[in-house]
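Overview (structure and organization)
As a plain string of letters, each chain reads:
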Amino acid sequence: MIPTFFIFQITLNIALSAVVSGLIYLGIRRFLPYEAPAIALFLGFLTGYFTISGLGGYAFPPKTVQNWLPHIAIVSLALGILEKFWFKQIIIRWVVRVILLELFLWRIFQPFINHPFPSRSWTGSQTFLNLLGTSLVIVLFWWGLDYLLTRAQNAKPDSSKSHALLPTGLMLIGAGSSLSVVLAHSLIMGQLSGTLTATLGALAVLAWITAKQPLTASVSPLICLLYTLPWLSIYTTLPKPTVLVLALSPVVLIPLFKGRSLMQQTLFRLGLVALVVSISLLTAWQLS
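Here we summarise the structure given alongside this text. (Residues numbered from 1 in each chain as written. Predicted model: local features only at pLDDT ≥ 70, side-chain atom pairs only at ≥ 80, totals over all residues. Heavy atoms only, no water.)

What about the overall build of the protein chain?
Formally: Counting from the N terminus, the helices are DSSP H or I runs at least four residues long and the strands are E runs at least two residues long. Note that the radius of gyration is over C-alpha atoms, with the globule rule given as 2.2 Å times the number of residues to the power 0.38. Each residue is placed in one exposure class: buried if its accessible area under a 1.4 Å probe, protein chains only, is under 20% of its type's maximum, exposed if it is over 50%, and partly exposed if it falls in between.
The helix and strand tally for the protein chain stands at 11 helices and 0 strands. Helices (α) and strands (β) of the protein chain occur, in sequence order from the N terminus, as α-α-α-α-α-α-α-α-α-α-α. In terms of C-alpha radius of gyration, the protein chain reaches 18 Å, essentially the compact-globule figure of 19 Å for 288 residues. Structurally, the protein chain occupies a C-alpha span of about 60 × 55 × 35 Å along its principal axes. In the protein chain, which comprises 288 residues, the share counted as buried stands at 50%.

Brief notes about unusual backbone geometry
Backbone geometry at F257 places phi at a positive 55 degrees, although glycine is not the residue there. In this fold, F257 is placed in the loop between α10 (240-248) and α11 (262-287). Overall, F257 belongs to the partly exposed group, its relative accessible area being 28%.

A closer look at the packing of helix α2 (residues 36-53) against helix α3 (residues 65-82)
In helix packing, the relevant descriptors are the interaxial angle and the interaxial distance, both defined with respect to the helix axes. To be explicit about the condition: A fitted line through C-alpha atoms represents every axis, and for helices the fit uses only the stretch in contact; the resulting angles, taken between N-to-C directions, go from 0 to 180 degrees. These descriptions rest on fixed angle ranges, namely under 35 degrees for roughly parallel, over 145 for roughly antiparallel, 65 to 115 for roughly perpendicular, and the rest for oblique. Note on convention: near helix rotated counterclockwise from far helix by under a right angle means a left-handed crossing. Clockwise means right-handed. In this analysis, two residues are considered to be in contact whenever any of their non-hydrogen atoms come within 4.5 Å of each other. Three categories are distinguished: nonpolar for Ala, Val, Leu, Ile, Met, Phe, Trp, Tyr, Cys and Pro, charged for Asp, Glu, Lys and Arg, and polar for the others, with Gly belonging to the last.
α3 packs onto α2 with a crossing angle of 170 degrees between their chain directions and a minimal axis gap of 10 Å. As far as their axial angle goes, α3 and α2 are roughly antiparallel. Classified by chirality, the crossing of α3 by α2 is left-handed. Taken together, the residues of α3 that come into contact with α2 (itself represented by A38, I39, F42, F45, L46, Y49 and S53) are Q66, N67, L69, P70, A73, I74 and L77. In terms of residue class, the contact of α2 with α3 is made up of 11 nonpolar, 3 polar and no charged.

Considering the packing of aromatic side chains
Defined as follows: Pairing of aromatic rings covers Phe, Tyr and the six-membered ring of Trp, with a centre-to-centre limit of 6.5 Å; geometry is then stacked below 30 degrees between planes, edge-to-face above 60, and tilted otherwise. As a reminder, the over-ring test applies to NZ of lysine and CZ of arginine, requiring each to be within 6 Å of the ring centre and within 35 degrees of the ring normal.
This structure, assessed with the given rule, holds 11 aromatic pairs. With a centroid separation of 5.9 Å and an interplanar angle of 75 degrees, the aromatic rings of W68 and F104 are classed as edge-to-face. With W68 in helix α3 and F104 in helix α4 (residues 90-108), this pair connects stretches of sequence that are 36 residues apart. Taken together, F45, Y49 and F50 form an aromatic cluster joined through their ring pairs. The side chain of R97 reaches across the aromatic face of W94, ending 4.6 Å from its centre.

Concerning the pattern of salt bridges
Worth spelling out the cut-off: Only one rule defines a salt bridge in this text: a Lys or Arg side-chain nitrogen within 4 Å of an Asp or Glu carboxyl oxygen.
This structure, assessed with the given rule, holds 4 salt bridges. Residue K84 pairs with E35 through a salt bridge whose shortest N-O separation is 3.9 Å. A residue pair is termed long-range when its members are at least 10 positions apart, and K84 in the loop between α3 and α4 and E35 in the loop between α1 (2-28) and α2 qualify at 49 residues. Judged by relative accessible area, K84 falls into the partly exposed class, the value being 44%. E35 gets classed as buried once you look at its relative accessible area, which sits at 13%.

Here we look at the nonpolar core
For clarity, the threshold we go by: Residues belong to one nonpolar core when they are buried, are Ala, Val, Leu, Ile, Met, Phe, Trp, Tyr or Cys, and are joined through side-chain atoms within 4.5 Å.
Counting residues in each nonpolar core, the largest one holds 65 residues, and the members touching the most others are L170 and I223. The element best represented in this core is α2, accounting for 10 residues. Setting aside chain neighbours within four positions, we find L170 in contact with L145, L200, L215, I223, Y227 and L253.

Some details on helix α7 (residues 165-183)
Rules: The span one expects for a helix is its residue count, reduced by one, times 1.5 Å.
If you check α7, its first and last C-alpha atoms are 27 Å apart, about what 19 residues at 1.5 Å a residue would give, namely 27 Å. Immediately downstream of α7, the backbone of H185 shows phi near 75 degrees, a positive value.

What to know about the packing of α4 against helix α6 (residues 124-154)
Viewed as axis vectors pointing N to C, α4 and α6 meet at an angle of 135 degrees, and their least axial separation amounts to 11 Å. It follows from the interaxial angle that α4 and α6 lie oblique. Crossing angle aside, the handedness with which α4 passes α6 is right-handed. Each of R93, W94, R97, L101, E102, L105 and W106 in α4 lies in contact with α6, whose residues at this interface are T127, L131, T134, S135, I138, V139, W142, W143 and D146.

Concerning a nonpolar patch on the surface
Put simply, the test is: Exposure above 30% relative accessible area and no salt bridge define the residues that can form patches, which grow by joining like charges within 9 Å and nonpolar side chains of Val, Leu, Ile, Met, Phe, Trp and Tyr within 5 Å. All accessible areas in this document rest on Shrake-Rupley with a 1.4 Å probe, and a residue is counted as covered only by the protein chains that are shown.
Together, L140, W143, Y147, L244, L248 and V251 give the surface a local cluster of nonpolar side chains, amounting to about 520 Å² of exposed area. Counting only elements with at least two residues in the nonpolar patch, the list comes to α6 and α10. Residue contributions to the nonpolar patch peak at 3 residues, all from α6. Summarising the element assignment, V251 is placed in the loop between α10 and α11.

So this is what it looks like as structure tokens:
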């Protein structure tokens, strides 16, 4: 009965998140073409979050990474929309991002920094190194994601279904991230990470149907933070090689394989993503 219940719960979460995300996107894309993908992902994620965690999963002030996720999603949505106004000012954009990231990490790491047992508390140097290392990993993932989304947003519109490869690839990366977290013994956080994957899956399906790019740069903060922060919920058990592979995963979507047929582009680009995802799962399974 337990496996059946979990399968039902996961299926319900995926279905609800995907349906909400898809319907919201279709309903507002004509009026808010830039903001629509971010709003759709945000509402789809919140639907899945409360389906999994219930109202008891929300806490203010937040105490765990799980409690922080709705708050981080709200800030990420606002940041993704506001960045439109200073998108070309790269320095300002990244300064704001890094400041917000450090504030989030500082709060999330409080149980380690101020552990009730002094012998287990991080020293000043440990705090600095963990903040630095974690920030670099997240910024690395964010840079690759940013590049992909900016390029897609600025690409000339056409009727090619190759536009669907980016959301599909990001969905596969999300699935790899979610399963890696599960293999590292955090089922709930893996499900929460998979919620965003489900919302991206809905937009990927729409992209294949309409042959239009559904993603804009507005989704960059949401995807980055909601993909990467669940890794921190099991900071001491998720293998570092797995984290590094996942952080580098957007890079494999950079080659476009122009001049190839859609079938070849699909095989090459998604094949590279599948390879990276397989490596992340293998390292998570073997090293956890």
